[in-house]
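Coordinates in review
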Amino acid sequence: MLRAIRAFFADREVLEVETPLLAARSATEPHLVPFETLFRPAGGGAGLQQRLFLQTSPEFAMKRLLASGLGSIYQICKAFRNEERGRLHNPEFTLLEWYRVGFSLNELIRETESLLRGLLTPSRPTIRSFCCDYRSLFEQEVGTDPINADFPALARAAERLGYPEAAVLCAEARPVWLDFLFSQGVQPKLADWDLVFVTDFPACLPSLARNHPDNPAIVERVEVFIDGIELGNGFHELADPVEQARRFEEDMAARRALGLHEPEKDVRLLAALAAGLPDCSGIAIGLDRLLMGILGASHIEDVLAFPVERA
Amino acid sequence: MALISTSEFKGGLKVMLDGDPCTILENEFVKPGKGQAFNRVRLRNLKTGRVVERTFKSGDTLEGADVVDTDMQYLYSDGEQWHFMAPETFEQHGADANAVSDAVKWLKEQDMCTVTLFNGSPIAVSPPNFVELTITETDPGIRGDTSGGGGKPATLETGAVVRVPLFVQTGEVIKVDTRTGEYVSRVK
């Protein structure tokens with residue numbers, strides 16, 4: 001799999017890069033919990049110690065490389081997320097992340113599909129895929145509008161699907177409602193398809209995607225699913241440092257509301273964006289889950305030599 | 001009892017849900033890459049036997065349930081209660097019809113059963129997987145028919161009715177699998 005991925009990008013003249021796994025800043029997203037450690041210079045006193053984080057994704061560092069003018073780049077690396085363990089999660093996992101300078105999100109989706117089809121072809125006689133916007137898919141499977149429905153309407157939709165407890169869990173947080181209803185109500189329906197690309201996410205789930213140029217209700221974000229399992233997230237990358245700083249502030253506010261610690265925002269990323277991030281689209285694919293899809297495995301430990309309990 | 005967090009949920013753990021003791025069957029961690037983590041949990045209500053699914057936010061807690069499975073000997077029934085005794089402590093417990101439920105038709109005096117105690121009181125009774133019971137009534141077998149065929153109903157000493165082969169006669173002792181309610185063999 002790794003050899004085929006490297007050949008795919010070599011053919012397209014995308015440069016392989018490496019960025020630090022251990023860095024001074026962490027992602028600000030409220031639902032990502034980083035591993036934290038201390039860097040101690042030899043012989044240094046406590047005052048010289050520096051707090052470092054294992055990276056939850058190489059996104060910020062790769063964007064700094066893009067801003068420095070490296071052109072299209074890709075990376076295969078480990079990523080670390082604390083508090084995540086389950087049938088589809090191991091706290092240490094492998095990501096393939098790449099950025100294409102000058103690509104629209106649609107061009108990136110086509111390239112992603114071509115890569116995934118190539119990797120899946122030997123193990124699957126036919127590969128069924130489709131691309132759909134978030135809102136239509138959500139309306140079709142959940143029966144309500146993800147963007148405009150009020151909270152009682154979302155609660156009624158959850159109750160119809162058999163989740164009366166959702167009203168208490170999700171309360172008045174639309175992102176939580178959408179995550180809940182999408183993962184419980186929509187994702188299982190995607191399991192009949194080898195690959196599904198869901199585009200045009202609601203603006204309340206922006207992550208690091210650009211706002212849509214014509215429609216303020218949505219952002220230019222795509223999520224790809226294999227057999228109904230989330231495989232990756234892609235964006236037409238946000239390049240506006242002011243908007244990025246605003247999203248950092250939003251994340252911090254969400255963290256404060258949840259009583260979580262507030263990481264320092266990555267000023268080096270903001271400086272890179274201010275210097276100029278080229279127009280580009282990027283995506284990250286979970287390689288452990290892709291390998292599960294290739295091998296037909298149902299548990300992530302089936303594709304790991306040593307899951308965290310035995311690492 | 002102590003509070004137990006979703007990350008500690010695993011098959012077999014006993015917790016309180018909506019006032020009833022439940023046993024956890026399955027706990028699936030659900031987390032969109034960029035989103036809120038949930039735990040989708042399947043539980044069996046130990047009072048009703050019903051299986052329910054419930055979603056929790058990761059990190060939510062449930063109260064542990066004081067539930068223990070104990071091997072006890074069935075003693076007798078007084079019509080309202082079925083009485084069991086723990087063989088080591090000689091402690092006795094009376095279980096009501098709700099707790100005994102379907103197990104009633106397999107209960108034979110002196111047999112060892114699994115009694116589920118919640119806060120010290122029986123809430124469920126599981127009979128042994130195999131019981132040996134005497135047939136109190138069945139149609140006489142047809143001459144020459146020694147095996148196979150459709151079988152016939154037989155009433156057992158506890159009142160249970162099972163299908164038995166045609167050659168099995170009233171007064172014989174048979175072995176029955178209580179999980180399926182099926183005849184296994186004759187006991188000599």
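Up top is the structure these notes are about.
Residues numbered from 1 in each chain as written. Chains lettered and ligands numbered in written order. Predicted model: local features only at pLDDT ≥ 70, side-chain atom pairs only at ≥ 80, totals over all residues. Heavy atoms only, no water.

**Quick notes on the overall build of chain A**
In terms of helices and strands, chain A carries 10 helices and 11 strands. Computed over its C-alpha atoms, the radius of gyration of chain A comes to 20 Å, within 12% of the 19 Å expected for a compact globule of 311 residues. With respect to the three principal axes, the spread of C-alpha positions in chain A is 65 × 45 × 45 Å. Burial statistics for chain A: of 311 residues in total, 53% are counted as buried. Here the contacts in chain A between residues at least 6 apart in sequence split such that 67% fall between residues at least 24 apart. On chain A, the mean spot of the 32 positive side-chain charges and the mean spot of the 45 negative ones are 3 Å from each other. (Helix = DSSP H or I, 4+ residues; strand = E, 2+ residues; numbered from the N terminus. Rg over C-alpha atoms; globule rule 2.2 N^0.38 Å. Buried < 20%, exposed > 50% of the residue type's maximum accessible area, 1.4 Å probe, protein only. Contact = heavy atoms within 4.5 Å. Lys, Arg positive; Asp, Glu negative; His and termini not counted. Charge placed at Lys NZ, Arg CZ, Asp CG, Glu CD.)

**Concerning the interface of chain B and chain A**
Facing the 17 residues of chain B at the interface are 24 residues of chain A. For the pair chain B and chain A, the summed buried area comes to about 1,800 Å², and 53% of that belongs to carbon and sulfur atoms. Taken together, the links from chain B to chain A amount to eight residue pairs in polar contact (both at pLDDT 80 or more). Of all the secondary-structure elements, those providing two or more residues to the side of chain B that touches chain A are β3 (20–30), β4 (38–45) and β5 (51–57) of chain B. Broken down by element, the residue count for the side of chain B that touches chain A peaks at five residues, all from β5(B). (Buried area = accessible area lost by both parts, 1.4 Å probe. Polar contact = N/O pair within 3.5 Å; in protein donor to acceptor, adjacent residues only side chain to side chain.)

**Let's talk about unusual backbone geometry**
Residue and element names in this part refer to chain A. We note that E83 has phi near 65°; this positive angle belongs to a residue other than glycine. Looking at E83, the relative accessible area reads 60%, which means it is exposed. Its identity as a non-glycine residue notwithstanding, D200 has a phi of 55°, on the positive side. Counting through the fold element by element, D200 comes out in strand β8 (residues 195–202).

**Focus: the packing of helix α3 (residues 105–120) of chain A against helix α10 (residues 287–295) of chain A**
Residue and element names in this part refer to chain A. At a minimum axis separation of 10 Å, α3 and α10 run at an interaxial angle of 45°. Considering their axes alone, α3 and α10 lie oblique with respect to each other. In this structure, α3 uses L116, L119 and L120 to contact α10, whose residues at the interface are L290, G293 and I294. (Axes fitted to C-alpha atoms, helices over the stretch in contact; angles between N-to-C directions. Parallel < 35°, antiparallel > 145°, perpendicular 65-115°, else oblique.)

**Details of empty space enclosed by the protein**
Under the criterion given, the structure shown has two cavities of 30 Å³ or more. As a volume, the largest cavity reaches approximately 400 Å³. Lining the largest cavity are 29 residues; nearest its centre among them are R81(A), F93(A), L95(A), L231(A) and G33(B). Counting residues per element, the ones that place at least two in the lining of the largest cavity are β6 (92–101), β10 (229–236), β11 (280–286) and α10 of chain A. Along the lines of polarity and charge, the residues of the lining of the largest cavity split into 11 nonpolar, eight polar and 10 charged. Taken together, 15 residues make up the lining of the second largest cavity; nearest its centre are A27(A), E29(A), T56(A), S57(A) and F60(A). (1 Å grid on protein atoms, 1.4 Å probe; cavity = no way out; pocket = protein on both sides within 12 Å on 5 of 7 lines; lining within 4 Å. Points joined across faces, edges and corners; volume = space filled by probe spheres on them. Nonpolar A, V, L, I, M, F, W, Y, C, P; charged D, E, K, R; others polar.)

**Description of the packing of aromatic side chains**
Residue and element names in this part refer to chain A. Applying the stated criterion across every chain, the model contains 13 aromatic pairs over all chains. On the basis of an interplanar angle of 20° and a centroid distance of 4.5 Å, the ring pair of F9 and Y74 is categorised as stacked. Of this pair, F9 sits in helix α1 (residues 2–11) while Y74 sits in strand β5 (residues 73–80), and the two are 65 residues apart along the sequence. The class of F9 is buried, set by a relative accessible area of 0%. Members of the aromatic cluster, connected to one another through ring pairs, are Y134, F138, F182, F201 and F225. The side chain of R128 reaches across the aromatic face of W193, ending 4.2 Å from its centre. (Phe/Tyr/Trp six-rings, centres within 6.5 Å; stacked < 30°, edge-to-face > 60°. Lys NZ or Arg CZ within 6 Å of the ring centre and 35° of its normal.)

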